[in-house]
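Spelled out, the chains give:
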Amino acid sequence: MTKEKSVGIVETKYFTFAEHSHELRLESGKTLGPITLAYETYGELNKEKTNAILVAHALSGDAHAAGFHKDDKDPGWWDTMIGPGRALDTDKYFVICSNIIGGCKGSTGPSSVNPKTNKPYALDFPIITIADMVKAQAHLIDHLGIKKLLCVIGGSMGGMQVLQWVASFPERVKSAIPIATAAKHSPQQIAFDEVGRQAVMADPAWNEGNYYDTGVKPERGLAVARMIGHITYMSDKSMEEKFSRRLKEKAYSFKFTTDFEVEGYLRYRGDNFVKRFDANSYLYITKAMDYIDLSGDKLLPKGKHADVGFLVIAFKSDWLYPSYQSQDIVRQLKIKGLDATYCEIDSAYGHDSFLMEVDEETHLIKHFLNKAFRT
Amino acid sequence: MDRDSIRLDHRIIYQTVEPGSKVLDLGCGDGELMLLLAREKNVKVQGIEIDDEAIYKCVEKGLSVFHGDIDSGLVEYPDKSFDYVILNQSMQQVKKADFVIQEGLRVGKKLIVGLPNFAHLKARSRLFFRGKVPITKSLPYHWYDTPNLHFLAISDFKDYCADRNITILNAYYLGDKKVLRFRPNLFALNAIFVLTK
């Protein structure tokens, strides 16, 4: 990846709203405010304000989707997709990505300071849902002066936000690209999330969520949660290709140290994750994913009009969000008479495929957006 | 539009479909026919296709497609939600041809079926004189790599329609380059039926 072809050096911006008496009413009935959203934009908003694309990130993502932060050597998490000439072509489109509420990358979440107590919220932070995340994003879109988005796009939990945008604000979305996602979490998906949460909460350092001033974070618990997550993001085939049964040393150690490369990889990913992610955020965000249910009539309630074009993408090797869940989404859209294209891409990387540089995915998105922008 | 550059079967289907109608193309391939209908007749068209590469080509053309097989049915579509359902050169490749035809007739007001004729003169002579399985212009495959699962003659399909109480509104018999009228079961390579129930 060269810096010339990317959007170049970018900076995260911040937008604060829901202050004083204007707190955001959440799906749970509780309120939250003030709320800060961290966001980045790439490209230029056109005069008619018709070229805005909102990118929604997944569980561990953030607002930094493309380009480079000053002095960073790694680009944003979807840099292969966003940039001049890329599928989300920043020469044509104005691309926005914001960190979700409940997150820990600049937007208000459980690790933010509660203005009422001047201490981090911890578990005083209200439970948030995907609908709440989207409601907050809508405030940012208002702030940017955009009435209707050309497209909302995202994978995994990002895809749930895409669906939620259509459910909550059908008149504000022209086209939607949910990728490797589901309209509702299956028991299996909830189960994996719960194991992750239990891992965090079983760590004594978690301390009922109050670890921000104790000097010890529930790192072991969060690392285990992340390790489980990583297994579910890969496929049997991609793990075989990546690690096989290769050993770190020449022979078995006959100890409980890391013998296999796959063990080393998971530990490395787990340990890395705890440096950049807040354990309480992990609890809140996974809960939000478990709560979503836009199945059946809930995606587009009767009487609610929507004229949104869809591109729904699934990956054959994704067993965490199997393609039948994407097909269920498309079925609902067809029943409602919405225009939808569905494709199951034959990629071996499992759920992670949507983040990889998969040519087919790029191709589909690029041409679909071309058409959405033209018409 | 250069009429001669369009495949004969596509030309006939194109002439059959009313402007501005709603169409579902089952086994739409790379979307050539859908593009023709959308562009020239302002038809609202969507397709279902199982081949990955064909899907990418459809999206390139700006067409709406569903990646999947048609054997599992069309449950998501209410009755008569399309003016036409097209099943051109794909019926012989589905597992449950009868079911797919019935589904097509349920969701479409009219069903257009295009099929290769197994009883073409060349096929008959190859079988009769050479004792070999037919290979013709409309059935160009060897036995070991054919996508076709069902082999039928024009007359077989007419019998089927009569058995199932399907009305044949129109039938077109296709030679290599033009439409035929004389003894189609012997001379036509392909046939296109416009059906309703």
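Conventions used here
- Residues numbered from 1 in each chain as written.
- Chains lettered and ligands numbered in written order.
- Predicted model: local features only at pLDDT ≥ 70, side-chain atom pairs only at ≥ 80, totals over all residues.
- Helix = DSSP H or I, 4+ residues; strand = E, 2+ residues; numbered from the N terminus.
- Rg over C-alpha atoms; globule rule 2.2 N^0.38 Å.
- Buried ≥ 20, exposed ≤ 12 C-beta atoms within 10 Å, placed from the backbone.
- Pairing = 2+ DSSP bridges.
- Contact = placed C-beta atoms within 7 Å.
- Nonpolar A, V, L, I, M, F, W, Y, C, P; charged D, E, K, R; others polar.
- Axes fitted to C-alpha atoms, helices over the stretch in contact; angles between N-to-C directions.
- Parallel < 35°, antiparallel > 145°, perpendicular 65-115°, else oblique.
- Left-handed = near helix turned anticlockwise from the far one by under 90°.
- pLDDT = per-residue confidence, 0-100.
- Expected span 1.5 Å × (residues − 1).

This brings us to the overall build of chain B. Across its full length, chain B carries seven helices and eight strands. Its C-alpha radius of gyration of 16 Å places chain B within 12% of the 16 Å reference for a compact globule of 197 residues. With the C-alpha coordinates of chain B rotated into their principal frame, the extents come out at 50 × 35 × 35 Å. Of all 197 residues assigned to chain B, the portion counted as buried reaches 42%.

Below, the discussion takes up the pairing of strand 8 (residues 190–196) of chain B. Residues and elements named next belong to chain B. Judged by how many residues are buried, strand 8 sits mostly within the fold: five of seven residues are covered. The sheet contact formed by strand 5 (residues 108–116) and strand 8 spans six bridges and is antiparallel. Directly across from valine 113, in strand 8, lies its bridge partner phenylalanine 193. Note: strand 6 (residues 167–174) against strand 8, seven bridges, orientation antiparallel. Counterpart to tyrosine 172 in the pairing with strand 8 is isoleucine 192.

Between chain B and chain A, the residue contacts involve 13 residues of the former and 18 residues of the latter. Counting residues per element, the ones that place at least two in the side of chain B that touches chain A are helix 3 (52–60) and strand 3 (64–67) of chain B. Among the elements that line the side of chain B that touches chain A, the one with the most residues is helix 3 of chain B, at five residues. Among the residues forming the side of chain B that touches chain A, the class breakdown is six nonpolar, four polar and three charged.

For the rest of this paragraph, the subject is the packing of helix 3 (residues 187–202) of chain A against helix 7 (residues 279–291) of chain A. To characterise two packed helices, one gives the angle between the axes of the helices and the distance between these axes. Residue and element names in this part refer to chain A. Where helix 3 meets helix 7, the axes come as close as 10 Å, and the angle between the chain directions of the two elements is 160 degrees. Comparing their axes, helix 7 and helix 3 come out roughly antiparallel. Crossing geometry of helix 3 relative to helix 7 is assigned as left-handed. Side by side, helix 3 and helix 7 meet where Ile190, Asp193, Gly196, Arg197 and Val200 of the first sit next to Ala279, Tyr282, Leu283, Thr286, Met289 and Asp290 of the second.

It is worth spelling out the confidence of the model for chain B at this point. Segments scoring low in pLDDT should not have their predicted coordinates read at a detailed level. Per-residue confidence for chain B gives a mean pLDDT of 95; residues scoring 70 or more make up 98%. The complex prediction reports pTM at 0.95, with the ipTM value standing at 0.92.

Turning next to helix 7 of chain A. Residues and elements named next belong to chain A. Relative to the 18 Å expected for 13 residues at 1.5 Å per residue, helix 7 spans 19 Å between its end C-alpha atoms, a close match to the ideal helical length. Judged by how many residues are buried, helix 7 sits mostly within the fold: ten of 13 residues are covered. By the burial criterion, the buried members of helix 7 are Ala279, Asn280, Ser281, Tyr282, Leu283, Tyr284, Ile285, Thr286, Ala288 and Met289. Looking at the packing, one finds that the buried side of helix 7 touches helix 1 (130–143), helix 2 (157–168), helix 3 and helix 4 (219–233).

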